[in-house]
Every structure is written in structure tokens, then in C-alpha cells.
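Structural description and commentary
The lines below spell out each chain.
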Amino acid sequence: NFEDWTPEIAKEIAKSEEIELTESHWEVINVLREYYIEHYFTPGTRVLTKVMQKKISKEKFNRAYLFSLFQYSPSKQASKISGLPRPSACSM
């Protein structure tokens, strides 16, 4: 739940996903939450990549880098850790 989310909850969810959160993970989490507040939906990986490139760094945040952070699915895992709904582009 978006309103109930805390950084501590994010750490627990990340742990269950076998992810140790780094500064780069937190950049994605924070940008995702800002995006959700502004647009009322969770972006898929393609849009997330473009948003990260625009907000943080075009050189750093490419698709391969996002997959190195969230190996299963950047948009799905990052949204889960961020306390957001599953991206509409993700099935199950």
C-alpha cells in the first residue's frame, strides 16, 4: 500500500527478493514513487528507463543497468519494493 510504505518496509521487501538496497536502488525507488504521485500509474521497464535517464543520468541508467539492479524485472521488482501497484504492462 502506497500510504503505508516506509523505507524499513522497502528493506524487508528487498530482502525477500534477495536484493541488498544500494544508493542506485534508492534512486530508482524515489523516482518511481515521484512518478506514481504525478501520473497515478506505475511505468513499465521501457518508460522507467527513460524516466531514470531524464531525472538522474542518461549514461548510467540504461536498460542493462536497471536489470543489474533488479534482475528479475526492473519495473516489477522496483515497484513492489517501492510500495506501488504492479505495472500494467506486467502480467502476473
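Preceding block: the structure.
Quick caveat: nothing in here was measured; it's all calculated off a predicted structure.

Some remarks on the overall build of the chain
Check the secondary structure of the chain and you find 5 helices and 0 strands. Taken from N to C terminus, the helices and strands of the chain fall in the order α-α-α-α-α. Against the globule reference of 12 Å for 92 residues, the chain gives a C-alpha radius of gyration of 12 Å, in line with a compact fold. Taking the principal axes of the C-alpha coordinates as reference, the chain spans close to 30 × 25 × 25 Å. Expressed as a percentage of its 92 residues, the buried residues of the chain come to 46%. In the chain, the proportion of contacts linking residues at least 24 apart, taken out of those at least 6 apart, comes to 57%. As presented, the chain carries roughly 5,800 Å² of accessible surface, and 52% of it is formed by carbon and sulfur atoms.

Remarks on the packing of helix 2 (residues 23-39) against helix 3 (residues 45-55)
Put simply, helix 2 and helix 3 touch, their axes get as near as 10 Å, and they point 105° apart. Judged by the inter-axis angle, helix 2 sits roughly perpendicular to helix 3. Here helix 2 contributes Glu27, Val28, Val31, Leu32, Glu34 and Tyr35 to the contact with helix 3, which in turn contributes Val47, Leu48, Val51, Met52 and Lys55.

Basis of the calculations
- For every chain, the first residue of the written sequence is number 1, and numbering continues from 1 onward in sequence order.
- Where totals are concerned, whole chains, interfaces and linings use all residues; where local detail is concerned, this predicted model gives features only for residues with pLDDT of at least 70, and gives and counts side-chain atom pairs only at 80 or more.
- As a rule here, side-chain values cover all heavy atoms of the structure and leave hydrogens and water aside.
- Labels follow the DSSP assignment, with helices taken as runs of H or I lasting at least four residues and strands as runs of E lasting at least two, numbered in each case from the N terminus.
- Within these notes, the globule rule equals 2.2 Å times the number of residues to the 0.38 power, and the radius of gyration is based on C-alpha atoms.
- Exposure is judged per residue with a 1.4 Å probe applied to protein chains only, and the accessible area is read against the type maximum: over 50% gives exposed, under 20% gives buried, and values in between give partly exposed.
- Residues are treated as being in contact if the distance between any of their heavy atoms lies within 4.5 Å.
- Accessible surface area values rest on a Shrake-Rupley calculation with a 1.4 Å probe, where residue burial reflects the displayed protein chains alone.
- Between N-to-C directions, angles span 0 to 180 degrees; the directions come from axes that are lines fitted to C-alpha atoms, helices contributing only their stretch in contact.
- Throughout this description, any angle smaller than 35 degrees is read as roughly parallel, any larger than 145 degrees as roughly antiparallel, any in the 65 to 115 degree range as roughly perpendicular, and the remainder as oblique.

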